[in-house]
Amino acid sequence: MLIFEEGRCNMAAHKRGLHMITFLLLVIGGLDWLIIGLFDKDVVMLLGASLARIVYILVGLSAVYEVATHAGRCKDCKGDMNQM
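Since the model is a prediction, treat every value here as computed from it, not as a measurement. (Residues numbered from 1 in each chain as written. Predicted model: local features only at pLDDT ≥ 70, side-chain atom pairs only at ≥ 80, totals over all residues. Heavy atoms only, no water.)

## Describing unusual backbone geometry
Consideration 1: Residue Asp40 is not a glycine yet carries a positive backbone phi of 55°.
Consideration 2: Note on placement: Asp40 falls in the loop between helix H1 (11-39) and helix H2 (49-73). (Helix = DSSP H or I, 4+ residues; strand = E, 2+ residues; numbered from the N terminus.)

Structure (structure tokens):
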């Protein structure tokens with residue numbers, strides 16, 4: 001879904017929305033791994049095997065997206081790269 005502003009597509013808002021979705025999925029995946037590590041319970045698997053597989057694929061794709069786009073958005077990384 002693209003966000004339109006005055007008849008044209010607002011790509012910045014679209015990218016911000018995509019980033020928020022991928023970030024949320026990474027948090028869900030990370031918390032699931034924390035619960036697996038601490039309590040040996042897979043919360044995502046409670047959704048059922050098929051739905052859990054979809055969630056795991058989306059979490060993985062989110063990680064790939066965040067790795068590929070991170071350096072262009074991260075203020076801390078930009079600062080470190082300029083100091084090198």
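Picking up after the structure, the text goes on.
## Regarding the packing of H1 against H2
Consideration 1: Packing of H1 against H2 brings their axes to within 8 Å, and their N-to-C directions diverge by 125°. As judged from the angle between their axes, H1 and H2 are oblique. By crossing handedness, the relation of H1 to H2 is classed as left-handed. For the pair H1 and H2, contact is made by Lys15, Leu18, His19, Thr22, Phe23, Leu25, Leu26, Gly29 and Asp32 and by Tyr56, Leu58, Val59, Ser62, Ala63, Tyr65, Glu66 and Arg73, respectively. (Axes fitted to C-alpha atoms, helices over the stretch in contact; angles between N-to-C directions. Parallel < 35°, antiparallel > 145°, perpendicular 65-115°, else oblique. Left-handed = near helix turned anticlockwise from the far one by under 90°. Contact = heavy atoms within 4.5 Å.)

## Some remarks on the nonpolar core
Consideration 1: Leu25, Val44, Ala52, Val55 and Val59 together form the largest nonpolar core, which totals five residues.
Consideration 2: Of all the elements, H2 adds the most residues to this core, at three residues.
Consideration 3: Filtering out sequence-adjacent residues up to four positions away, Val44 remains in contact with Asp32, Ala52, Val55 and Tyr56. (Core = buried A, V, L, I, M, F, W, Y, C linked by side-chain atoms within 4.5 Å. Buried < 20%, exposed > 50% of the residue type's maximum accessible area, 1.4 Å probe, protein only.)

Everything listed here is a matter of coordinates, which is why it stays silent on function.
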